[in-house]
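Chain and residue survey
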Amino acid sequence: MLELIAPIGAARRPQINAAITEVVKEFSPDVVHIRYDLKPDWSGDPAVYFRVLLSDEASSKPGVVSRKLEKRMEELLDFLWLELFAYYNFRSVSEQAVLQEKSWA
Amino acid sequence: MGVDHGFPDDLLEQAYDLAHKEATDPKQASLRRAVSTAYYALFHLLIDEAVGNWAVERQRSILARTFEHGKMKGICDAVLRAVKSGATLPPELHIVAHAFIRLQDHRQTADYDNSRHWVRSDVVDVLTLATNAFSAWRAISGQDAAQDFLLQLFLPKMPRQ
């Protein structure tokens, strides 16, 4: 299963990276940056997991910036065509400052 | 006081309570249970609606146990694909299907991935997915598309129409 995921992931990265660049620019300063991983989800389907770092102000309004960002990502990336399920997690700058997790840096 | 929709709404309320249980430094136990509870809130909302259509009340609990998480994901994915292909479906159904898939994965992570550190803002955002799905579902639950969706959730294969 993992061997099948890797080739799919490699082919998709340029498109994903381009979409992220665009979205971060559009949503700045609410969105600070986006990181991601390509890996199977819980049921084994290929998936992309986005980690979105939000400003503290954006994070204080749950569901506002996040839903708009997700919608914009769907406009830029046809996840069904990419054959990827897309999952998002969000964190504020302050929360990351405390945790300092490398995967969110 | 609003209408008591019962167990699913209580679960969603409990999810919010858990997410805010600690005023500061929320515990991972609270946050992870909040995420899991939010998923089960939506899961039970859909199951309750589906089995509620079954006329023989004493059989409903048996029916409820036939729902499979993986199959439900597949049906939700089919809704998203149908919308993408141009099928005329209420946008609210897309919201419900999309939220279900996302919440399901979050629940798996919350329940089984001990390496993952949850933060409150992320959990509350997850909860808004569930809340939005509840609202969307209630806006369309009586419509044919919604009822067909419920039927698909526990049929092995939809018969040709």
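For the structure itself, consult the block above.
Everything in this summary refers to the structure shown in the same document. Since we're looking at a predicted model, the values are computed, not measured.

We now examine helix α5 (residues 91–112) of chain B. Spanning 22 residues, α5(B) covers 32 Å between terminal C-alpha atoms, matching the ideal 32 Å at 1.5 Å per step. A large share of α5(B) lies buried, amounting to 16 of its 22 residues.

Interface size is commonly expressed as the accessible surface area that is lost when the partners come together. Contacts between chain B and chain A engage 26 residues on the former and 25 residues on the latter. Roughly 2,200 Å² is buried in total at the junction of chain B and chain A, and carbon and sulfur atoms are behind 52% of that figure. The three residues of chain B that bury the most area against chain A are Lys73(B), Arg102(B) and Asp105(B), which together make up 26% of that side's buried surface. Inspection of the chain B/chain A interface yields five salt bridges.

Next up on the list: the environment of Leu69(A). Residue and element names in this part refer to chain A. Positionally, Leu69 belongs in helix α3 (residues 65–76). For the pair formed by Leu69 and Gln96, sequence separation is 27 residues and the distance between their alpha carbons is 19 Å. Contacts of Leu69, omitting those with residues within four sequence positions, involve Val23, Phe27, Val31, Ile34, Val52, Tyr88 and Phe90.

On to the nonpolar core, then. Counting 53 residues, the largest nonpolar core has Leu42(B), Leu103(B), Trp137(B) and Phe149(B) as its most contacted members. Listing elements by their share of this core, those giving two or more residues are β2 (46–54) and β3 (85–92) of chain A together with α1 (7–19), α2 (28–52), α4 (69–84), α5, α6 (120–140) and α7 (144–154) of chain B. Element by element, the count of residues in this core is highest for α2(B), at 13 residues. Within the second largest apolar cluster, 25 residues are counted, among which are Tyr36(A), Met73(A), Leu82(A) and Leu84(A).

What follows concerns the sheet that holds β2(A). Note: strands within a sheet are paired through backbone hydrogen bonds, in either parallel or antiparallel orientation. Residues and elements named next belong to chain A. Across the sheet, which stays open at both edges, the three strands sit in the order β1-β2-β3 with mixed pairing between neighbours. Each having just a single partner strand, β1 (31–40) and β3 make up the two edges of the open sheet. Shown here is a sheet whose adjacent strand axes are inclined to one another by a mean of 20°, direction ignored.

Moving on: the layout of surface pockets. Each pocket or cavity is described by its volume, and for the largest pocket that value is around 710 Å³. Mapped by element, the contributors of at least two residues to the lining of the largest pocket are α3, α4 (79–82) and β3 of chain A together with α4, α5 and α6 of chain B. Of the residues in the lining of the largest pocket, the class split is 14 nonpolar, three polar and eleven charged. Here the second largest pocket is characterised by a volume of approximately 430 Å³. Every residue lining the second largest pocket is counted, 22 residues in all, and those nearest its centre are Lys39(A), Tyr49(A), Thr109(B), Asp113(B) and Arg116(B).

What counts, and at which threshold
Residues numbered from 1 in each chain as written. Chains lettered and ligands numbered in written order. Predicted model: local features only at pLDDT ≥ 70, side-chain atom pairs only at ≥ 80, totals over all residues. Heavy atoms only, no water. Helix = DSSP H or I, 4+ residues; strand = E, 2+ residues; numbered from the N terminus. Expected span 1.5 Å × (residues − 1). Buried < 20%, exposed > 50% of the residue type's maximum accessible area, 1.4 Å probe, protein only. Contact = heavy atoms within 4.5 Å. Buried area = accessible area lost by both parts, 1.4 Å probe. Salt bridge = Lys/Arg side-chain N within 4 Å of Asp/Glu carboxyl O. Core = buried A, V, L, I, M, F, W, Y, C linked by side-chain atoms within 4.5 Å. Pairing = 2+ DSSP bridges. Axes fitted to C-alpha atoms, helices over the stretch in contact; angles between N-to-C directions. 1 Å grid on protein atoms, 1.4 Å probe; cavity = no way out; pocket = protein on both sides within 12 Å on 5 of 7 lines; lining within 4 Å. Points joined across faces, edges and corners; volume = space filled by probe spheres on them. Nonpolar A, V, L, I, M, F, W, Y, C, P; charged D, E, K, R; others polar.

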